[in-house]
Amino acid sequence: MPIINIKFIEQVVATPEQKQELVKRMTETFVDVLGDVVRPFTYVVIEETKMFDWGIAGKPMPDLAWLCSDEYNGIIKKSQDIMGAYVAEQAAAAAADGGGGGGGND
């Protein structure tokens, strides 16, 4: 049986009406892909997490001022630099191996 889990921050993301619409649409998406046979067995579970019971980069959320801060932008930039260096390293290794490997997003 398909189980679709959707997680939200309580009272921040979706209204009760939007949640009902998500239940309907997520079920329809599964049925569109897998066939009507799955409809009676498709469960959609919406879980809500209380504010400040979750976090990003070690910071309890939602702290919207922090998400717009130079500190958070610096964390994102550092992560992008690390990933960019890794991608460049992989591209150089593939080129050294004769350009094979595929896997690119051309």
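Per chain, the residues get numbers from 1 upward, laid out in the order the sequence is written. The model is predicted, so local features are restricted to residues of pLDDT at least 70 and side-chain atom pairs to those at 80 or more, both for listing and for counting; the totals for chains, interfaces and linings are taken over all residues. Side-chain measures here rest on the full set of heavy atoms in the structure, leaving out hydrogens and waters.

Observations concerning unusual backbone geometry
Basically, it comes down to this: Helix and strand assignments come from DSSP, with helices taken as H or I runs of at least 4 residues and strands as E runs of at least 2, each series counted from the N terminus.
The phi dihedral of Phe52 falls on the positive side, at around 70°, and the residue is not glycine. Mapping Phe52 onto the fold places it in the loop between strand E2 (43-49) and strand E3 (54-56). Even without being a glycine, Ala57 presents a positive backbone phi close to 50°. Looking at the secondary structure, you find Ala57 in the loop between E3 and strand E4 (59-61).

Let's talk about the side chain of Thr27
Here is the rule: The contact definition used throughout considers only heavy atoms, calling two residues in contact when any of these lie within 4.5 Å.
Mapped onto the secondary structure, Thr27 falls in helix H1 (residues 16-34). The residues touching Thr27, leaving out its near neighbours within four places in the chain, are Ile4, Arg39, Thr42 and Val44.

As for the nonpolar core
Where we set the bar: Residues grouped as a nonpolar core are buried Ala, Val, Leu, Ile, Met, Phe, Trp, Tyr and Cys residues, joined through side-chain atoms within 4.5 Å. Partly exposed describes any residue whose relative accessible area lies between the buried limit of under 20% and the exposed limit of over 50%, with all areas from a 1.4 Å probe on protein chains only and scaled to the type maximum.
Within the largest apolar cluster, five residues are counted, these being Ile4, Ile6, Phe8, Ala14 and Val44. Broken down by element, the residue count for this core peaks at three residues, all from strand E1 (residues 3-9). Among residues more than four places away in sequence, those in contact with Val44 are Ile4, Ile6, Val23, Met26 and Thr27.

What to know about the pattern of salt bridges
Formally: We define a salt bridge as a contact between a side-chain nitrogen of Lys or Arg and a carboxyl oxygen of Asp or Glu at a distance within 4 Å.
Applying the stated criterion across every chain yields a total of six salt bridges. For the salt bridge of Glu28 with Arg39, the shortest nitrogen-to-oxygen distance reads 2.5 Å. One end of the pair, Glu28, is in helix H1; the other, Arg39, is in the loop between H1 and E2, with eleven residues separating them in the sequence. Residue class for Glu28 comes out partly exposed when judged on its relative accessible area of 34%. Of the residues examined, Arg39 reaches a relative accessible area of 33% and is grouped as partly exposed. Among the salt bridges present, the one from Asp36 reaches Arg39, with a minimum N-O distance of 3.0 Å. Taken together, the salt bridges that share partners define one network made up of Glu28, Asp36 and Arg39.

Let's talk about helix H3 (residues 70-96)
The condition is simple: Expected span, for any helix, means 1.5 Å times one less than how many residues it has.
With 27 residues, H3 should cover 39 Å at 1.5 Å per step; its first-to-last C-alpha distance of 38 Å lies within 8% of that length. Backbone geometry just downstream of H3 places Gly98 in the positive-phi region, at approximately 100°.

Description of the side chain of Thr42
Worth spelling out the cut-off: Here a polar contact means two N or O atoms within 3.5 Å. Within protein one must be a hydrogen donor candidate and the other an acceptor candidate, and residues neighboring in sequence count only if both atoms are side-chain atoms.
Of note, Thr42 is situated in the loop between H1 and E2. Of the polar contacts made by the side chain of Thr42, one reaches the backbone oxygen of Val38; its length is 2.7 Å. Filtering out sequence-adjacent residues up to four positions away, Thr42 remains in contact with Pro2, Ile4, Thr27 and Phe30.

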